[in-house]
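# Coordinate inspection notes
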Amino acid sequence: MKDIRVTKQNQLYHRVADEVIEIIQSRRLRPHDPVPSEGELAKLFGVSRMTSKLALQKLAEEGLVYRLPRRGTFLAEPQDGRAQGGFSSQDTAALPAAEKRFGQIALIMPHLSDYTSRIIAATEAEVRKHGCDLILKMTKDCDDEDHCLERLAEGGITGIILFPQGRKTCSDQVLRLKLKKLPLVIIDRIFHEVEIDCVYHDHYMGSYQMTKYLIEKGHREIGYTSNAIDHITSRRERYQGYIQALLDHQIPVQYQNIHFRTVACDTRRINERDPEQERFIQDNPRMTAIMCGDDHVAISTIHTALQMGIPVPEKLSIVGFSDIQLAAYIPTPLTTVRQDTEKLARSAVDLLMKRVGNSNENPITIKIQTSIVERQSVLFRT
């Protein structure tokens, strides 16, 4: 009796496999398009999930489809010139090169720095784990970013991870790709006016915890200095975290102790005495500590203070945000907020691959927690 049931199941899954081929052809699926899942096939043909699983395994063994754990089954590339799906070998030859590969993920970045370089390296390693190749694009401005997005979408890219230029609102091009259901994940920025997959560091809490750290070290006159916010959500949230930490600890906000630069910090000259930071320090002699919006501003502030004859941290404690590589090697090693770029990249790639696997979940926002790295730029104040 058992042998009869096994024989019937064998015959049945062969028939289901043939039906899947007909679905591929009738829907004119292209390589790397999703194929109906085990559950969908079971409902469609009134068979068990085991039968549909065996059918897909059979097609995978024949090289017609490939399966990715937790993401689904996809149409494979034609082999040895055989026709596949709704395409002849001639049709397939005409497909864009990006659609002939196993899968290509684009990473779009607004600039190259120590921080973004770590994101790039971590993303490439994660993408490779999923059997895909990484395409890196560097954008010059918002218009160039839109152009890159459009070109990649037209070229048949598998998915996109976008670190946007500083914008007040989400770009129209991103919204168009969202409507087209192209897998797209935003990193290190968040657009509150639109629901879209997003992975970013918790800048607000990182700044809040660092300000709290300074308060616990006995500081009450804590200044804040940063490049201009310029619609960049990470800068705004860091500033908000600083303000809220003061309020929560009943410390008055002294707006003369807050300075937003009129000219962005020149990263090539952060070891020189900076006129803006010098004026800020001179105008606020009661400050005992300064929270800086990023490590470049912090390092520039340390060099400026030292060249003004103000010892750090004995007279003035200074902290940063990001933990760039240079932070540990300046004359007074910098206490700063560390951003976990590996976790950011892993979360972004995993989320993107869920969308590549045809996940229909609502848009997801993932906050990556930060941590404080203690070095020598803060002194306990009695």
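Residue positions are counted from 1 within each chain, in the order its sequence is given. Given that the model is predicted, a residue must reach a pLDDT of at least 70 before its local features are reported, and side-chain atom pairs must reach 80 or more before they are shown or counted; all residues, however, enter totals for whole chains, interfaces and linings. Values shown for side chains rest on all heavy atoms present in the structure; no hydrogens or waters enter the calculation.

This part is about the sheet that holds strand β8 (residues 198-201). Here we have six strands laid out as an open sheet, ordered β5-β4-β6-β7-β8-β14, and parallel in their pairing. Of all the strands in the sheet, just β5 (133-138) and β14 (365-368) have a single pairing partner and so form its edges. Sheet twist, expressed as the mean angle between neighbouring strand axes with direction ignored, is 20°. We treat two strands as partners when DSSP finds at least two bridges between them. Going along the chain from the N terminus, every DSSP run of H or I of four or more residues is numbered as a helix, and every run of E of two or more is numbered as a strand. Two elements, strand β7 (residues 184-187) and β8, share two bridges in a ladder whose sense is parallel. By the bridge assignment, Ile186 is partnered in β8 with Cys198. Helix axes are fitted to C-alpha atoms over the stretch in contact, other axes to C-alpha atoms as well, and angles between N-to-C directions run from 0 to 180 degrees.

Another point: the pairing of strand β9 (residues 222-226). Relative accessibility thresholds used throughout: buried, under 20% of the residue-type maximum; exposed, over 50%; partly exposed, between the two (1.4 Å probe, protein chains only). Summarising burial for β9: five of the five residues are buried, a large majority. Of the two faces of β9, the one lined by Ile222, Tyr224 and Ser226 and the one lined by Gly223 and Thr225 are each fully buried. Here four bridges tie β9 to strand β11 (residues 289-292), and the two strands are oriented parallel to one another. Across the sheet, the residue bridging to Tyr224 is Met291, located in β11. Relative to strand β10 (residues 258-260), β9 runs parallel, the two sharing three bridges. Residue Tyr224 lies in a different strand from β10, and its bridge partner there is Ile258. Each parallel crossover has a hand, and for β9 linked through helix α10 (residues 233-248) to β10 it is right-handed. Crossover handedness is defined by viewing with both strands directed away from the observer: a clockwise path from the first strand over the helix to the second marks the crossover as right-handed.

Adjacent strands of a sheet pair through backbone hydrogen bonds, lying either parallel or antiparallel. The strand order β10-β9-β11-β12-β13-β15 describes an open sheet built from six strands, whose pairing is mixed. Edge strands, defined here as strands with exactly one partner in the open sheet, are β10 and β15 (371-373). Each strand axis lies, on average, 20° off the axis of its neighbour in the sheet, ignoring direction. Docked against the sheet, helix α9 (residues 203-216) engages β9, β11, β12 (317-322), β13 (335-338) and β15, running at close to 160° with respect to β12. What makes two residues a contact is simply this: any of their non-hydrogen atoms within 4.5 Å.

We now examine the nonpolar core. Among the buried residues, those of types Ala, Val, Leu, Ile, Met, Phe, Trp, Tyr and Cys that are joined through side-chain atoms within 4.5 Å form a nonpolar core. Core analysis: the largest hydrophobic core is formed by 21 residues, its most contacted members being Ile105, Ile119, Ile161, Val185, Ile187 and Val199. Counting residues per element, the ones that place at least two in this core are β4 (104-109), α6 (114-129), β7 and α13 (341-356). Counting residues per element, this core draws most heavily on α13, at seven residues. If sequence neighbours within four positions are ignored, Val199 has contacts with Val185, Ile186, Ile187, Asp188, Leu344, Ser347, Ala348, Leu351, Ile366 and Ile368. If you look at the next biggest cluster of nonpolar residues, it comprises 20 residues, including Ile281, Cys292, Ile324 and Ala327.

Mapped onto the fold, Asp274 is located in the loop between β10 and α11 (275-283). The exposure class assigned to Asp274 is buried, which follows from its relative accessible area of 12%.

Moving on to α9. Side chains of residues three or four places apart in an α-helix project in the same direction, reflecting 3.6 residues per turn. The end-to-end C-alpha separation of α9 is 20 Å, in line with the 20 Å expected for 14 residues at 1.5 Å each. Among all positions in α9, only His203, Gly206, Ser207, Tyr208, Met210, Thr211, Tyr213, Leu214 and Ile215 are buried. Phi for Gly218, located one or two positions after α9, is positive at around 95°. How far a helix is expected to stretch is found by multiplying one less than its residue total by 1.5 Å.

Between 30 and 60 degrees the pair is tilted, below 30 it is stacked and above 60 it is edge-to-face, where a pair is any two Phe, Tyr or Trp rings, Trp via its six-membered ring, whose centres lie within 6.5 Å. Following the criterion strictly, the structure yields seven aromatic pairs and no others. Between Tyr66 and Phe74, the ring centres sit 5.6 Å apart and the planes meet at 25°, which makes this aromatic pair stacked. Each member of the pair, Tyr66 together with Phe74, is buried. One aromatic cluster is present, formed by Tyr224, Tyr239, Tyr242 and Phe260 through successive ring pairs.

Looking now at the pattern of salt bridges. What makes a salt bridge here is a side-chain nitrogen of Lys or Arg within 4 Å of a carboxyl oxygen of Asp or Glu, nothing more. Per the stated rule, a full pass over the model turns up 16 salt bridges. One salt bridge connects Lys217 with Glu374, and the closest N-O pair in it is separated by 4.0 Å. Here Glu374 lies in the segment after β15 and Lys217 lies in the loop between α9 and β9, a separation of 157 residues in the sequence. Looking at Glu374, the relative accessible area reads 51%, which means it is exposed. Across the salt bridge formed by Arg273 and Glu278, the nearest N and O atoms sit 2.9 Å from each other.

With that out of the way, let us pick up the confidence of the model for the protein chain. Known as pLDDT, the predictor's confidence for each residue is given on a scale from 0 to 100. Looking at the protein chain as a whole, the pLDDT averages 88, with 91% of positions reaching at least 70. The model gives residues 1-8 a pLDDT under 50, and that stretch makes zero contacts with residues more than four places away or in other chains. pLDDT under 50 marks residues 80-102. Its contacts with residues more than four places away, or in other chains, come to 51 contacts.

Our next topic: α11. Among the residues of α11, Glu276, Gln277, Glu278, Phe280 and Ile281 are the ones counted as buried. On its buried side, α11 packs onto β9, β10, β11 and α12 (295-307). The term polar contact refers here to a pair of N or O atoms within 3.5 Å; inside protein, the definition further demands a hydrogen-donor-capable atom paired with an acceptor-capable atom, and it admits residues adjacent in sequence only when both atoms are side-chain atoms. Put simply, Asp274 is the residue that caps the front of α11, since its side-chain oxygen is 2.9 Å from the backbone nitrogen of Glu276.

Mapping Arg355 onto the fold places it in helix α13. Residue Arg355 is classed as buried on the basis of its relative accessible area of 12%. Excluding residues that lie within four positions of it along the chain, Arg355 makes contacts with Pro183, Asp197, Asn360, Glu361, Asn362, Pro363 and Ile364.

Now for unusual backbone geometry. Residues Val312 and Pro313 are joined by a peptide bond in cis, for which omega reads 10°. Looking at the element boundaries, Pro313 is found in the loop between α12 and β12. At Gln250, a residue that is not glycine, the phi angle is positive and equals roughly 55°. In this structure, Gln250 sits in the loop between α10 and β10. Residue Gln250 is classed as exposed on the basis of its relative accessible area, which comes to 68%.

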